[in-house]
Amino acid sequence: VMSGVPFGLVFGIPAGRVLAAGMGFRAPFVSFAAAMAVAFLLMVFVVPQPDVERSERPTVRGALRLYADFLRRPGPAMAVLMYIVMYGGLGLLIVYLPAWLSERFELSVSVFGEPLTAWGLPIDFIAVLFFVGGIASVLVGPRAGALSDKLGRRPLVLVSSIGLTALAALLP
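Nothing here was measured: the structure is a model prediction, and the numbers come from that model.

Definitions and limits used
Residues numbered from 1 in each chain as written. Predicted model: local features only at pLDDT ≥ 70, side-chain atom pairs only at ≥ 80, totals over all residues. Heavy atoms only, no water. Helix = DSSP H or I, 4+ residues; strand = E, 2+ residues; numbered from the N terminus. Buried < 20%, exposed > 50% of the residue type's maximum accessible area, 1.4 Å probe, protein only. Contact = heavy atoms within 4.5 Å. Areas by Shrake-Rupley, 256 points an atom, 1.4 Å probe, with all protein chains shown as cover. Axes fitted to C-alpha atoms, helices over the stretch in contact; angles between N-to-C directions. Parallel < 35°, antiparallel > 145°, perpendicular 65-115°, else oblique. Left-handed = near helix turned anticlockwise from the far one by under 90°. Phe/Tyr/Trp six-rings, centres within 6.5 Å; stacked < 30°, edge-to-face > 60°. pLDDT = per-residue confidence, 0-100. Patch = residues over 30% accessible without salt bridge, like charges linked within 9 Å, V, L, I, M, F, W, Y side chains within 5 Å. Salt bridge = Lys/Arg side-chain N within 4 Å of Asp/Glu carboxyl O. Core = buried A, V, L, I, M, F, W, Y, C linked by side-chain atoms within 4.5 Å.

1. Things to note about the overall build of the protein chain
Stage number 1. In terms of helices and strands, the protein chain carries six helices and four strands.
Stage number 2. Helices and strands appear in the protein chain in the N-to-C order α-α-α-α-β-β-β-β-α-α.
Stage number 3. Dimensions of the protein chain, computed from C-alpha atoms along their principal axes, come out at roughly 65 × 40 × 30 Å.
Stage number 4. Across the 172 residues in the protein chain, those meeting the buried criterion constitute 13%.
Stage number 5. Counting only contacts in the protein chain whose residues sit at least 6 apart along the sequence, the fraction spanning at least 24 positions is 63%.
Stage number 6. When the accessible surface of the protein chain is totalled, it reaches about 13,800 Å², and 72% of it is carbon and sulfur.

Have a look at this one:
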């Protein structure tokens, strides 16, 4: 199920950049809204709902209570904190890296002196960067999972975090 995330990054971010460059900044937002409408319809009409027996009607307060109980345990609480920090940092990188690159470098992509286009829309370097990075993620992900099974998650997360920290520190 989660393999859809890198697939979305492989195609979503570059498609958004191409749409924005060729059709204006609103095009990616309208496309996102359309994709979410399709996802909603698929969820309602196609995705099966598992049979779950509930002893009581679920409430927001009850869910929050269960989550609070879950977070009182040290292991899950630290894992949640780690993911908040990790994905918060990644979010900052994904948001500000394109802005920094756009400000710092010429980002048009050309092949044999001609601007690279997709369906008549210009492709910039950031679209190519996220596309190549996404493809690498899709290809490396299963191998990283196997390596994680062999070595354990902790060493792999530590090495990856150190590598991403060094890369981010070298960028500006």
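2. Some words on the packing of helix α4 (residues 74-104) against helix α5 (residues 125-151)
Stage number 1. Running from N to C, α4 and α5 point in directions that differ by 140 degrees, and their axes come no closer than 10 Å. Accordingly, the angle class assigned to the pair α4 and α5 is oblique. Relative to α5, α4 is oriented so that their crossing is right-handed. Where α4 approaches α5, its residues Ile94, Leu97, Pro98, Leu101 and Ser102 are matched on the opposing element by Phe125, Ile126, Leu129 and Phe130.

3. A few points about the packing of aromatic side chains
Stage number 1. In total, this model carries three aromatic pairs according to the counting rule given.
Stage number 2. Considering the side-chain rings of Phe11 and Phe131, the 5.8 Å spacing of their centres and the 65 degrees angle between planes classify their relative orientation as edge-to-face. With a gap of 120 residues between them, Phe11 in helix α1 (residues 4-23) and Phe131 in helix α5 connect regions that are remote in the sequence.
Stage number 3. Both rings, one in Tyr83 and one in Tyr87, keep their centres 5.7 Å apart while their planes meet at 10 degrees; by these two values the pair is stacked. Note that Tyr83 and Tyr87 are positioned in helix α4 at a spacing of four residues, about one turn of the helix.
Stage number 4. Given a relative accessible area of 43%, Tyr83 falls into the partly exposed group.

4. With respect to the environment of Leu139
Stage number 1. Relative to the helices and strands, Leu139 is located in helix α5.
Stage number 2. Here the alpha-carbon distance between Leu139 and Tyr96, two residues 43 residues apart in the chain, equals 25 Å.

5. Re the confidence of the model for the protein chain
Stage number 1. On average, residues of the protein chain score 83 in pLDDT, and 96% of them are at 70 or above.
Stage number 2. At the low end of the mean pLDDT range in the protein chain sits strand β4 (residues 121-122), at 70; at the high end sits helix α2 (residues 26-45), at 94.

6. Examining a nonpolar patch on the surface
Stage number 1. Among the surface-exposed residues, Val38, Phe40, Leu41, Leu42, Met43, Val44, Phe45, Val46 and Val47 lie close enough to one another that they form a single nonpolar patch of about 920 Å² accessible area.
Stage number 2. Checked against the element boundaries, Leu41 lands in helix α2.
Stage number 3. The exposure class assigned to Leu41 is partly exposed, which follows from its relative accessible area of 44%.

7. A word on the pattern of salt bridges
Stage number 1. Inspection of every chain in the model, using the stated rule, returns one salt bridge.
Stage number 2. Between Asp69 and Arg72 there is a salt bridge whose closest N-O contact spans 2.4 Å.

8. Points about the nonpolar core
Stage number 1. One finds Leu97, Leu101, Leu107, Ile126 and Phe130 forming the largest nonpolar core, which totals five residues.
Stage number 2. Non-local contacts of Leu107, meaning those with residues more than four positions away in its chain, are made with Leu101, Ser102, Asp124, Phe125 and Ile126.

9. Thoughts on the environment of Val10
Stage number 1. With respect to the helices, strands and loops of the structure, Val10 is situated in helix α1.
Stage number 2. Residue Val10 is classed as buried on the basis of its relative accessible area, which comes to 2%.
Stage number 3. Note: C-alpha distance between Val10 and Leu129 (119 residues apart in sequence) is 9.6 Å.
Stage number 4. Beyond its immediate stretch of four places on either side in the chain, Val10 contacts Phe130, Phe131, Gly134, Ile135 and Val138.

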